[in-house]
Amino acid sequence: MEYKEAIDWLFAQLPMFSRVGAAAYKPGLERSEALAAYFGHPERKLKAIHIAGTNGKGSVSNLIAAVLQAQGYKTALYTSPHLVDFRERMRINGRMIPEKKVVDFVERWQRGNYDGDRPSFFELTMMMAFDWFASEQVDYAVIEVGMGGRLDSTNILTPILSVITNISFDHTQFLGDTLAKIAAEKAGIIKPGIPAVIGEAIEETEEVFRDRAAEIGTRLREAYREIDKQANAALNCALEGAYQKKNINTARIAVEELRKQSIAISPEAEKKGFSDVEKLTGFRGRWTKISSEPLIICDTGHNEAGLRYNLEQLRHLLELRNSEATLRFVLGFVSDKDVAHILPMFPKDAVYYTTQAAIPRAMPWAELTERCRLSGLDATGFTGVETAVRAACEDAGENDIIYIGGSTFIVADFLASSESKKS
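Residues numbered from 1 in each chain as written. Predicted model: local features only at pLDDT ≥ 70, side-chain atom pairs only at ≥ 80, totals over all residues. Heavy atoms only, no water.

**Some words on the sheet that holds strand E12 (residues 351–354)**
Pairing within the open sheet is mixed, and its six strands lie in the order E9-E10-E14-E11-E12-E13. Both outer strands of the open sheet, strand E9 (288–292) and strand E13 (378–381), are each paired with one neighbouring strand and no more. For this sheet the average axis-to-axis angle between neighbouring strands, irrespective of direction, equals 20°. Pairing of E12 with E13 involves four bridges; the strand directions are parallel. Opposite Tyr 353, over in E13, you have Thr 380 as the bridge partner. (Pairing = 2+ DSSP bridges. Helix = DSSP H or I, 4+ residues; strand = E, 2+ residues; numbered from the N terminus. Axes fitted to C-alpha atoms, helices over the stretch in contact; angles between N-to-C directions.)

This is the structure:
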């Protein structure tokens, strides 16, 4: 079997929530536990740091992994979704899983006699990662939750540290329609006797986390009460974007908690991890600057809280430029996104190039164009991301700002087209 055949089989046979939406969502841990038993419980061989949250979990996961890697530990990293290459989901010391390992796992699965319920794409992919990490005898594994926490497939782990970055409205059809309900789902990764770090909280969610910790006897550390701007700035983190300030603080506190477990992490390794995170782990897609004239930025922020941070920073950048500068958005969303609450956040004096990603779950470009116009936004529709970006670049002056985003998959399509031109 060739690598492409293995990937095509995975994508065709096992639906991905990120691509098709609710039809692929399978809550509950029974299948994951059965799958883990079938593969000999590789998750039990991992010293894992488990990370959940509405926004920021990818950034915090990569920062922690980069610090451990900089210290010299063999460090595994599991994140989702991928942007261009499926193998981005699982890395060891920044190196993606080899294509042969993916093929071997798929062939092993196809030859096997597993008689349990058919696992989802995410469950099988997660087990591929855990199996590879265990076989490579990694020192530590940083594992990002897929969705929620309590019923997420990754919650079969017994980690050495749990981290919850923040709580905002997203996936409300599955996680609940209040922040307290969503927080309760995220709090499900907090385990008895295992320390937990909370990156951000408000009164409504803080009580949920404290109650959970008290109920199961866990020490809770509230990073948002220990913001040290000077210490955070000294780390010289490579990740830009105003929203990263809280993620940097959360990751810094998490590193302190790892030190409390007698895990040696020097100040030099911590600084290197934060300053070289993109180089060490291959992290990208978070406020990534593509060019400076015009300024082109792509960002995978896709829910209300993440977009609000980005829009505020874009307004600030625009204020620093001359009055003739124009803000241009290459924008697309998934079809189940509640854009009625999101579009009013966007500035009416900007120019919009609406499009759709090449996935079944994408909101059709014509529908988004009409919705933008109904919200008073100057929008022109394009059938694909590449043509929308090209049009924005052709229209832009050197002082303009082009923002590419709205959906992880808009950024993914843009990066994929950019890479194909380079090869």
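**Observations concerning the sheet that holds strand E2 (residues 75–78)**
Here we have eight strands laid out as an open sheet, ordered E4-E3-E2-E5-E1-E6-E7-E8, and mixed in their pairing. The sheet is open, and its two edges are formed by strand E4 (95–96) and strand E8 (220–222), each paired on a single side. Contacts from helix H9 (residues 203–216) reach strand E6 (161–164), strand E7 (196–198) and E8, with the element oriented near 155° to E8. (Contact = heavy atoms within 4.5 Å.)

**Notes on the pairing of E2**
Of the two faces of E2, the one carrying Thr 75 and Leu 77 and the one carrying Ala 76 and Tyr 78 are both buried. Where E2 lies against strand E5 (residues 140–144), four bridges are found, and the strand directions are parallel. Following the sheet pairing, Ala 76 is matched in E5 by Ala 141. Sheet analysis places E2 next to strand E3 (residues 90–92), joined by three bridges and oriented antiparallel. Across the sheet, the residue bridging to Tyr 78 is Met 90, located in E3. (Buried < 20%, exposed > 50% of the residue type's maximum accessible area, 1.4 Å probe, protein only.)

**Remarks on the side chain of Thr 79**
Along the polypeptide, Thr 79 turns up in the loop between E2 and E3. The exposure class of Thr 79 is buried, given its relative accessible area of 14%. Leave out the neighbours within four places in its chain, and Thr 79 touches Ser 61, Asn 62, Glu 88, Arg 89 and Glu 144.

Function cannot be inferred from these measures alone, as they are strictly geometric.
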